Amino acid sequence: MPLIQITLGGQPASPEAIQQLQQETTRLMASILQKEAALTVVSVSQLPAGAFSANGQPVYSGASLQAMITAGTNSEADKAAFIFAAKCMLTVAIGETAAPIYIALLELPAGNWGYDGKTQAARKAERPTGGAA
């Protein structure tokens, strides 16, 4: 159940480009981090040109991605693969930029977040543990 925020700076992206970013981010979450696509929420924010800076100087194209996931659900290799793939995806979307493209995977304890009024820990506790019904 990832919650992802993508921030773009520079020229406004078209609705089609935003939808493509959302779909590709969802695909990467499912294929690399084994997250359920139906529970993956992606929002895209756009900042005006110059709102990103590197070394204190404005750059006219930039992007970042923050994704919240449940702590302990992915290996270090999985997380590294996602960070690389997400950086590649954003580079394709915005082109080369003078600012670094930051990708942050924020691992939250299962009891500290959730959706539809239940924490991830509560959802895990409700799952059947196997055996005959």
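Everything that follows concerns the structure shown earlier in this document.
The following refers to the structure shown. The structure presented is a predicted model; accordingly, all values stated were derived computationally and were not measured.

**Comments concerning the pattern of salt bridges**
In the structure shown here, the tally under the stated rule is four salt bridges. Here Glu-107 makes a salt bridge to Lys-79, at a shortest N to O gap of 2.9 Å. On the criterion of sequence distance, the pair formed by Glu-107 in strand 6 (residues 102-108) and Lys-79 in helix 2 (residues 76-94) is long-range, its members being 28 residues apart. Residue Glu-107 is classed as partly exposed on the basis of its relative accessible area, which comes to 33%. Its relative accessible area of 11% is what places Lys-79 among the buried residues. When salt bridges that share partners are traced, they join Glu-76, Lys-79 and Glu-107 into one network.

**Comments concerning helix 2**
Compared with an ideal rise of 1.5 Å per residue, which puts 19 residues at 27 Å, helix 2 spans 27 Å between its outermost C-alpha atoms and is within 8% of the ideal. Looking at the buried side of helix 2, the elements it contacts are strand 1 (3-9), helix 1 (15-33), strand 5 (62-70) and strand 6. One or two steps after helix 2, the chain reaches Gly-95, where phi turns positive at roughly 85 degrees.

**Overview of the pairing of strand 6**
As judged from the seven bridges shared by strand 5 and strand 6, these two strands associate in the parallel manner. Paired with Ala-67 across the strands is Leu-105, a residue of strand 6. In the classification by handedness, the crossover that spans strand 5, the intervening helix 2 and the parallel strand 6 is right-handed.

**Focus on unusual backbone geometry**
Its identity as a non-glycine residue notwithstanding, Asn-55 has a phi of 55 degrees, on the positive side. At Asp-116, a residue that is not glycine, the phi angle is positive and equals roughly 50 degrees. Tracing the chain through its elements places Asp-116 in the loop between strand 7 (114-115) and strand 8 (118-119).

Analysis parameters
Residues numbered from 1 in each chain as written. Predicted model: local features only at pLDDT ≥ 70, side-chain atom pairs only at ≥ 80, totals over all residues. Heavy atoms only, no water. Salt bridge = Lys/Arg side-chain N within 4 Å of Asp/Glu carboxyl O. Helix = DSSP H or I, 4+ residues; strand = E, 2+ residues; numbered from the N terminus. Buried < 20%, exposed > 50% of the residue type's maximum accessible area, 1.4 Å probe, protein only. Expected span 1.5 Å × (residues − 1). Contact = heavy atoms within 4.5 Å. Pairing = 2+ DSSP bridges. Right-handed = clockwise from strand over helix to strand, strands pointing away.

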